Each structure stands twice: as structure tokens, then as C-alpha cells.
Amino acid sequence: MNRLPDDADNAQSSSRGSCPSLQDVHSINPAQLMARIESYEGREKKGISDVRRTFCLFVTFDLLFVTLLWIIELNVNGGIETTLEKEVLQYDYHSSYFDIFLLAVFRFNVLILAYAMCRLRHWWAIAFTTAVTSAFLLAKVILSKLFSQGAFGYVLPIISFILAWIETWFLDFKVLPQEAEEENRLLLVQDASERAALLQPALLSDGQFYSPPESAAGSDEESEEKQDSEKPIV
């Protein structure tokens, strides 16, 4: 007489025991994956990443800072017009700071063209600008007479040298690795979304063979009513 309720309870417990595995599959949320994909695609639509934009701002700062120091040097050494004519029109490699300013303009043009407009993901452009800057400044310090012209003979070459190498370090250790990491994350998220899309139809087809707990409870009540009706009336 009690076998039917016991069997129904066992069936109900077994169906409940299979629910965690289905919940584990449901834990892969396609909506969240699609949201992540859209966020990464939104970054790609920007055309330039945040860290690359910061690098371009630093390159611009390099040019503006060297230009500011050069203008200060022109103003200190007898007025801008007089010193500008002396350093530009009567250019002398051994005593002029104009070539250091042109070197900053050269770095700005090459780096902005390569990493902002062409969006290169290689270090060869900044390696070229840093090598040219280092070689030129070392030759100028050795051959010129800048040290006899006061503090700016030390400041401008040292600042230009330091800024060029900071740009190299920032691109090689920050910009390129971070962008590569973001690309790998995008590929992983896309792969996970494809797997989730393949698992969803299988989940729906498997779910069709499971009956809800209410139907099992209803069958228990119907079986008890049948047993009561079948009892002989004394």
C-alpha cells in the first residue's frame, strides 16, 4: 500500500538532485557575455584605446615642454627676436638649441603618425625615434659648446633624452601589453559566448523530459484518493 508514495518521493528527490547540474549550465549567462562583447566592441569603435590616448598626450607634452624651455632660453639670452634670429637664421651646431626643438618636433610627428593615425602595434617606430634622439644628443653634448652657455646647456639635452626614453618605456611596457591583453579577453569572451549558444538548445531539449514538482505531488494525491475509494465499505 505504501510503495506508490515511496516511489513518487524517490522520483521527486531524483529529479531535484538533477537540478544543480542544470543550474550550473544556466550559470553561463549569454546576456552577460553579450554585454561584455559589446563593451569590447565599443572600445574598438572608439578607434583608439585609453592607454594609447594617454601615450599620445604624453608625446604632445614632450613637444610642448621642450618648446617652452626653448622659448624661455630665447628670452633669457637677450630677447626672443634677437636670439631667434641668431639660432635659426645664423644656425650653429655648436651653440644653437634650435636643433633640439626640431628633434622634439621630429619625435612628435613620427609617433603621432605611427601610433595615433596609423595605430601601429609594434615598437619599431618608437625605437627609431629614440635611437635618433639618443645618438643626436650624445653627439651634440660631446661636440658642442652648450655647457658654457649656462643652465640651459644642461637642461634641454637631459630633458629631451629623458622624455624620449620615458615614451619608449610607456609604449613597450604599458600600451602594447595592455592592448594585447584586451584582445585576448575579447577572444575568450567570444569563445565562451559561442559555447553558451551551443549549450542553450541542448539545455532546452533536455528540460523537456523533466516534469515539474507540482505534477509529482498531484500524482501522490490522486493515488491516495484511488486507494481510499477502493477500500471496501464495512
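Residues numbered from 1 in each chain as written. Predicted model: local features only at pLDDT ≥ 70, side-chain atom pairs only at ≥ 80, totals over all residues. Heavy atoms only, no water.

As recorded in an unreviewed UniProt entry, the protein chain goes by Vacuolar protein sorting-associated protein 13C and comes from Platysternon megacephalum. Word for word, the UniProt comment on the protein chain under Sequence similarities (unreviewed entry) is "Belongs to the STARD3 family." (UniProt positions renumbered as here; feature names shortened; annotations may be inferred.)

A.B. asks: It is not clear to me how the overall build of the protein chain should be interpreted in this structure. Could you clarify?
C.D. replies: Tallying secondary structure elements over the protein chain gives nine helices and zero strands in all. The burial tally for the protein chain puts 30% of its 234 residues in the buried class. Expressed as a percentage of contacts within the protein chain between residues at least 6 apart in sequence, the contacts between residues at least 24 apart total 77%. Here the protein chain displays about 15,300 Å² of accessible surface, and carbon together with sulfur accounts for 63% of that area. (Helix = DSSP H or I, 4+ residues; strand = E, 2+ residues; numbered from the N terminus. Buried < 20%, exposed > 50% of the residue type's maximum accessible area, 1.4 Å probe, protein only. Contact = heavy atoms within 4.5 Å. Areas by Shrake-Rupley, 256 points an atom, 1.4 Å probe, with all protein chains shown as cover.)

A.B. asks: Teacher, can you tell me more about the nonpolar core here?
C.D. replies: Soluble, globular proteins show a tendency: their nonpolar side chains are buried together. Formed by 16 residues in total, the largest nonpolar core has its most connected members in Val-66, Trp-70, Tyr-97, Ile-100 and Leu-156. Every residue in contact with Leu-156, bar those within four places of it in the chain, is listed here: Val-66, Leu-69, Trp-70, Tyr-97 and Ile-100. Cys-56, Leu-111, Tyr-115 and Ile-126 belong to the second-largest nonpolar core, a separate cluster that totals 15 residues. (Core = buried A, V, L, I, M, F, W, Y, C linked by side-chain atoms within 4.5 Å.)

A.B. asks: What am I meant to see in the packing of helix α4 (residues 50-76) against helix α5 (residues 80-89) here?
C.D. replies: In the contact formed by α4 and α5, the axes pass within 7 Å of each other and the chain directions differ by 110°. Between α4 and α5, the angle is such that the two are roughly perpendicular. Where α4 crosses over α5, the handedness of that crossing is right-handed. Across the interface between the two elements, Trp-70, Ile-71, Glu-73, Leu-74 and Asn-75 of α4 pack against Ile-80, Thr-83, Leu-84, Glu-87 and Val-88 of α5. Taken together, the residues of the contact of α4 with α5 sort by class into six nonpolar, two polar and two charged. (Axes fitted to C-alpha atoms, helices over the stretch in contact; angles between N-to-C directions. Parallel < 35°, antiparallel > 145°, perpendicular 65-115°, else oblique. Left-handed = near helix turned anticlockwise from the far one by under 90°. Nonpolar A, V, L, I, M, F, W, Y, C, P; charged D, E, K, R; others polar.)

A.B. asks: I'm lost on the UniProt feature "transmembrane region" (unreviewed entry) in the protein chain in this one. Help?
C.D. replies: Here the UniProt-annotated "transmembrane region" (unreviewed entry) positions come out as residues 55-76, 96-116, 123-143 and 149-166. As annotated, residues 55-76 has a helix share of 100% and a strand share of 0%, and its two end C-alpha atoms lie 32 Å apart. For the annotated span residues 123-143, helix accounts for 95% and strand for 0% of the residues, and the straight-line distance between the end C-alpha atoms is 30 Å.

A.B. asks: Please explain the packing of aromatic side chains as it appears in this structure.
C.D. replies: Remark: the centre distance and the inter-plane angle together describe each pair of aromatic rings, the angle taken between the planes. Scanning the model with the defined rule gives 12 aromatic pairs in all. Ring plane angle 15° and centroid distance 4.8 Å describe the contact between Trp-70 and Phe-101, whose orientation is recorded as stacked. Of this pair, Trp-70 sits in helix α4 while Phe-101 is found in helix α6 (residues 98-117), placing the two residues 31 residues apart along the sequence. The pair formed by Trp-70 and Phe-101 is uniform in burial state, with each residue classed as buried. Ring pairing ties together the aromatic residues Phe-55, Tyr-115, Trp-169, Phe-170 and Phe-173, which thus form one cluster. For Lys-140, the ring lying beneath its charged end belongs to Tyr-93, and the centroid distance is 4.6 Å. (Phe/Tyr/Trp six-rings, centres within 6.5 Å; stacked < 30°, edge-to-face > 60°. Lys NZ or Arg CZ within 6 Å of the ring centre and 35° of its normal.)

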